[in-house]
Amino acid sequence: MLTMVRTQEAKTPFEQAVQEQWRTQSSVLQPAWVASRRIGGWTRLEALGLPSRALEAWRYVNLEPVSRHGFVPLPEPASLDVLDPVISALTLPEAAAKLVFVNGIFQPTLSDTTRLPEGVLAGSLFDVAAQLPQPIESYFAADIEAEADAFVALNTALFSEGYAVYVPQGVKLDTPLEVLFLTDAQGTSPQGAHVRGVVIAEPHSQVTIMARFASAGAASATPTLTTAVTELVAQPGALLNYVHVQTEADTAAHMAATKTWVHGDARLHVSTLAFGSRFSRHYVHSAMVSEEACCELNGLAILQGETHVFDHTVIDHQKPHGGSQQLYKGILAQRSRADFDGTIVIAPHAQKSDASQLHQTLLLSDEARVLTRPQLRIDADDVKCAHGASVGQLSEDQLFYLTSRGLPFSQAQAVLTAGFADEIVEAIPCEALKAPLIDLVHSRLEALLTANA
Amino acid sequence: MLEIRDVYARVDEKEILKGISLTINPGEIHAIMGPNGSGKSTLAKVIAGHPAFSVTSGDIVFEGQSILEDDPEDRARKGLFLAFQYPIEVPGVNNANFLRMAYNAKRAYEGKDELDPLEFQDLLDEKLKLVEMDPSFTDRAVNAGFSGGEKKKNEILQMAVLEPKVSILDEIDSGLDIDALREVANGVNKLMSPEKAVVMVTHYQRLLNYIQPDYVHVLSEGRIIKSGGKELALQLEERGYDWVIAQQAAEV
């Protein structure tokens, strides 16, 4: 009998549906290397239970947009032809490869990996693992037995499919690989998908992955759920740049986790752009496993309506001379809300670690709320650590300055919010992504300022 | 062209301007001098429409129409310009883009087509030469990390691009060394023409050696207590403000 979470209390519709899905799929677990990880995931989920407010990081988080719905797996997409224009609008023509998933299922006919350089593999997780069992199988959910995050455990047990990217030693890709996860809900009952990603950047390779999560019908009132777990491995000297773009519908819940392993001299960038969803969480866990590992985690949330974003980061400096930087920004209108919970851990022997963390929020309405919780756990005595947070409104002085030069007030607001937001996009180390992402950010800001006016 | 008619203005509950009247005609350069706290900067901001100040009585008329109800952007597009005493830093906003947006806002108001970035660059290059400014300034964020002198020059560059009819220069000389002062003053002189007017707010006679005023007004406690020609500035330099204030008190 499953003992998941609070046996004495009534299970939430979410928990009931999760158990039902596990029951129906556990008889058909395959292939074997995945089955053992799935079982590991389920075991961890049972042990951990879903996060409750008793957990420090979740104390102020209202999980109701997730827990009150019994999400069933999204159906097969009705017609892929219908989705063609939606997909073209969401993908970049110049991408090195395009991997498209609809309702959690890989769509080979909508994907394109023909332009990849020799040796680089990208495709559905199962296909790539079949071609290259090592190293994919040894990295995929390898530490599931010790997993601390319940949603990572849940996703590992229930994921439908995912992507894998393998970049061999020394190969440098200038253009980004693009992954699109599209949710195309049918009917009105709650439905969702659990998807994965694995990226392995071998020594001295260089790669940019942009994963985009979007809804096909933004006006749909159907509650949807996406859980996504992405594992990023940056081997010595590699540059791994991951951009997570979330533009799902206001009725969506988005529970993403990105787990990273950064080796010596490697540089990892994770940028989170969150513009939609009723509730959206991105948990980024960075294990800095060798000396001189560097990571930069940045985030930008542009929120309106009742949307709520939760950025949750843990950076684990395990070895000396590592560096980490975090810059998370939020622009909040109407009744939206942003939480940031960021922990920096520095192990006793991880001397000369240099970690900084900053959370900045621009509040555009009296009803918007922000909660910021920086946490440092330092067990070494020769380190540099800085953290800070600021919350403010648009500066009256700057607004007057711009309007006194003839800019309409609305344009002055737009210019100032864009100036605040652009820094996050400018920091993404991939030239090809900057212009399209700046356009996306500016169009979101325009919509937000119009709605907020 | 610009007429200030018996203006009273306050910030919060404090009355700062107490009945100011001033008429500025095309081709004129006015200097407004006075001790600290006399209301000089307030007058400049009130003319530009700063939202922190409210005009409680009187009127400000520009080209025959009251502008009291106009927002700052409307006043700017009609041809008023305020060079700030402390130009505001706007990190994240590119200077060239900002100048183009301001220029295009004015073009749109005048019913003209906007200039695209390439067309605007030609215009900007010409203006940069006019005010003797290094083109690299336009690639940076607006005033962010600029020195005091660079900020003031950037104000003059904006003035050159927008070609306002009336420019109010609020202590454009403060914080400048003598070379920077000369450059800024040269810029203003080149931009002056018989159709335009300049109002300089300043503490010091020094600026007036470089930009020669037609009229000098002394402001004290929110009122103009004396007006005269440029020789008045020299008298002030020699004798201080107390002399004028005492003279005015004797008249009352």
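For the structure, see preceding data.
Keep in mind the model is a prediction, meaning the values are calculated, not measured. (Residues numbered from 1 in each chain as written. Chains lettered and ligands numbered in written order. Predicted model: local features only at pLDDT ≥ 70, side-chain atom pairs only at ≥ 80, totals over all residues.)

Asker: Is there a simple way to think about the overall build of chain B in this case?
Answerer: Within chain B, the regular secondary structure consists of eight helices and twelve strands. Put simply, 69% of the contacts in chain B that link residues at least 6 apart link residues at least 24 apart. (Helix = DSSP H or I, 4+ residues; strand = E, 2+ residues; numbered from the N terminus. Contact = placed C-beta atoms within 7 Å.)

Asker: Would you mind going over the overall build of chain A with me for this structure?
Answerer: The secondary structure content of chain A amounts to ten helices and 20 strands. By the compact-globule yardstick of 22 Å for 453 residues, chain A fits well, its C-alpha radius of gyration being 21 Å. Overall, chain A is about 70 × 55 × 50 Å in size when its C-alpha atoms are taken along their principal axes. Considering chain A as a whole, with its 453 residues, one finds that 53% of them fall into the buried category. Partitioning the contacts of chain A with sequence separation of at least 6, the portion at a separation of at least 24 is 83%. (Rg over C-alpha atoms; globule rule 2.2 N^0.38 Å. Buried ≥ 20, exposed ≤ 12 C-beta atoms within 10 Å, placed from the backbone.)

Asker: Before we go on, may I ask you to explain the sheet that holds strand 2 (residues 14-24) of chain B in this structure?
Answerer: Two pairing modes exist for strands in a sheet, parallel and antiparallel, and in both the strands are linked by backbone hydrogen bonds. Residue and element names in this part refer to chain B. The strand order across the open sheet built from four strands is 2-1-4-5, with neighbouring strands paired in antiparallel fashion. Of all strands in the sheet, those with a lone pairing partner are strand 2 and strand 5 (65-66), marking the two edges. Across eight bridges, the pairing between strand 1 (residues 2-11) and strand 2 is antiparallel. Looking at the pairing, tyrosine 8 lines up with lysine 18 of strand 2. (Pairing = 2+ DSSP bridges.)

Asker: I would appreciate a short explanation of the pairing of strand 6 (residues 177-183) of chain A in the present structure.
Answerer: The two faces of a sheet get side chains in turn, since along a regular strand they alternate between them. Residue and element names in this part refer to chain A. Most of strand 6 is tucked away: seven of the seven residues are buried. Bridge count between strand 2 (residues 97-102) and strand 6: six bridges; the pairing is parallel. Looking at strand 6, one finds that alanine 97 is bridged to leucine 177.

Asker: Sorry if this is basic, but what is going on with the interface of chain A and chain B here?
Answerer: The accessible area lost on association of the parts is a frequent measure of interface size. Tallying the contact residues gives 17 residues for chain A and 21 residues for chain B. Secondary-structure elements contributing two or more residues to the side of chain A that touches chain B are helix 8 (396-403) and helix 9 (409-426) of chain A. At seven residues, helix 9 of chain A tops the list of elements feeding residues into the side of chain A that touches chain B.

Asker: Mind showing me how you'd approach the nonpolar core here?
Answerer: Nonpolar side chains in soluble globular proteins tend to be buried together. Among the nonpolar cores identified, the biggest contains 208 residues, and Val165, Leu240 and Ile302 of chain A together with Ile168 and Met200 of chain B are the most heavily contacted of them. Among the elements that take part in this core, helix 9 of chain A stands out by supplying nine residues, more than any other. Ignoring anything within four residues of it in the chain, the contact list for methionine 200 of chain B reads Ala31, Ile32, Leu169, Ile172, Leu207, Ile211 and Pro213 of chain B. (Core = buried A, V, L, I, M, F, W, Y, C linked by C-beta atoms within 7 Å.)

Asker: Just to check I follow, could you spell out helix 1 (residues 13-25) of chain A for this structure?
Answerer: Each turn of an α-helix holds 3.6 residues, which means side chains three or four residues apart point in the same direction. Residues and elements named next belong to chain A. Over its 13 residues, helix 1 extends 18 Å from the first C-alpha to the last, a length consistent with the 18 Å expected when each residue adds 1.5 Å. Every buried residue of helix 1 is accounted for by Phe14, Glu15, Ala17 and Val18. All buried residues of helix 1 fall inside an arc of 165° around its axis, so they share one side. Of the exposed residues in helix 1, those oriented more than 90 degrees away from the buried face are Gln16, Glu20, Arg23 and Thr24. Among the structural elements, helix 3 (64-67), strand 1 (72-73) and helix 7 (150-158) are those in contact with the buried residues of helix 1. (Expected span 1.5 Å × (residues − 1). Arc of directions from axis to C-beta.)

Asker: Would you mind going over the packing of helix 9 of chain A against helix 10 (residues 431-452) of chain A with me for this structure?
Answerer: Residues and elements named next belong to chain A. Here helix 9 crosses helix 10 at 140°, and the two axes come no closer than 10 Å. Handedness of the crossing formed by helix 9 with helix 10: right-handed. Between helix 9, through Ser410, Gln413, Ala414, Thr417, Ala418, Ala421, Asp422, Val425 and Glu426, and helix 10, the contact on the second element is made entirely by Lys434, Leu437, Ile438, Val441, His442, Leu445, Glu446 and Leu449. Taken together, the residues of the contact of helix 9 with helix 10 sort by class into nine nonpolar, four polar and four charged. (Axes fitted to C-alpha atoms, helices over the stretch in contact; angles between N-to-C directions. Left-handed = near helix turned anticlockwise from the far one by under 90°. Nonpolar A, V, L, I, M, F, W, Y, C, P; charged D, E, K, R; others polar.)

Asker: Can you help me understand the packing of helix 8 of chain A against helix 9 of chain A in this one?
Answerer: Residue and element names in this part refer to chain A. It is the contact of helix 8 with helix 9, at a shortest axis distance of 9 Å, that shows an interaxial angle of 125°. In terms of orientation, helix 8 and helix 9 fall into the oblique class. Crossing angle aside, the handedness with which helix 8 passes helix 9 is right-handed. Contacts from Gln398, Leu399, Leu402 and Thr403 in helix 8 reach Phe409, Ala412, Val415 and Leu416 in helix 9. A breakdown of the residues in the contact of helix 8 with helix 9 according to their chemical character gives six nonpolar, two polar and no charged. (Parallel < 35°, antiparallel > 145°, perpendicular 65-115°, else oblique.)

Asker: How do you make sense of unusual backbone geometry when you look at a structure like this?
Answerer: Leaving glycine aside, a negative phi is the common case for residues, and trans is the common case for peptide bonds. Proline 135 of chain A follows glutamine 134 of chain A through a cis peptide bond whose omega is 10°. Take proline 135 of chain A: it is sitting in helix 6 (residues 133-139). For glutamate 63 of chain B, which is not glycine, the phi dihedral falls at a positive 50°. Of note, glutamate 63 of chain B is situated in the loop between strand 4 (53-62) and strand 5. Notably, glutamate 221 of chain B is not glycine yet its phi reads approximately 50°, a positive angle.

Asker: Just to check I follow, could you spell out the sheet that holds strand 3 (residues 105-106) of chain A for this structure?
Answerer: All names here are of chain A. Pairing is mixed across the open sheet formed by ten strands, whose spatial order is 3-2-6-8-10-12-14-16-18-20. Whereas interior strands pair on both sides, the edge strands pair on one side only; in this sheet they are strand 3 and strand 20 (384-392). Of the strands in this sheet, strand 12 (267-274), strand 14 (294-303), strand 16 (323-332) and strand 18 (354-363) touch helix 9, which is tilted by about 150° from strand 16. Its contacts with the sheet place helix 10 against strand 8 (206-215), strand 10 (239-247), strand 14 and strand 16, and it is angled at close to 30° to strand 14.

Asker: So what exactly am I meant to see when it comes to helix 1 (residues 40-48) of chain B here?
Answerer: Residue and element names in this part refer to chain B. Among the nine residues of helix 1, eight are classified as buried, and the element is accordingly described as predominantly covered. Every buried residue of helix 1 is listed here: Lys40, Thr42, Leu43, Ala44, Lys45, Val46, Ile47 and Ala48. In the segment just after helix 1, glycine 49 is the residue with positive phi, at about 95°.

Asker: When you look at the environment of glycine 392 of chain A in this model, what are you seeing that I'm missing?
Answerer: All names here are of chain A. Mapping glycine 392 onto the fold places it in strand 20. Judged by local crowding, glycine 392 falls into the exposed class, with 10 C-beta atoms found within 10 Å. For glycine 392 and threonine 361, which are 31 residues apart along the polypeptide, the C-alpha to C-alpha distance reads 6.3 Å.

Asker: What should I look at first to understand the pairing of strand 10 of chain A in this one?
Answerer: Residue and element names in this part refer to chain A. The buried fraction of strand 10 is high, at nine of nine residues. With burial as the criterion, each face of strand 10 is covered, one bearing Leu239, Asn241, Val243, Val245 and Thr247 and the other bearing Leu240, Tyr242, His244 and Gln246. Of the pairings in the sheet, the one linking strand 8 to strand 10 comprises nine bridges and is parallel in character. Residue methionine 210 lies in a different strand from strand 10, and its bridge partner there is valine 243. For strand 10 and strand 12, the ladder comprises eight bridges, and the chain directions are parallel. Paired with asparagine 241 across the two strands is histidine 269, which belongs to strand 12.

Any link to function would need more than the numbers given here.
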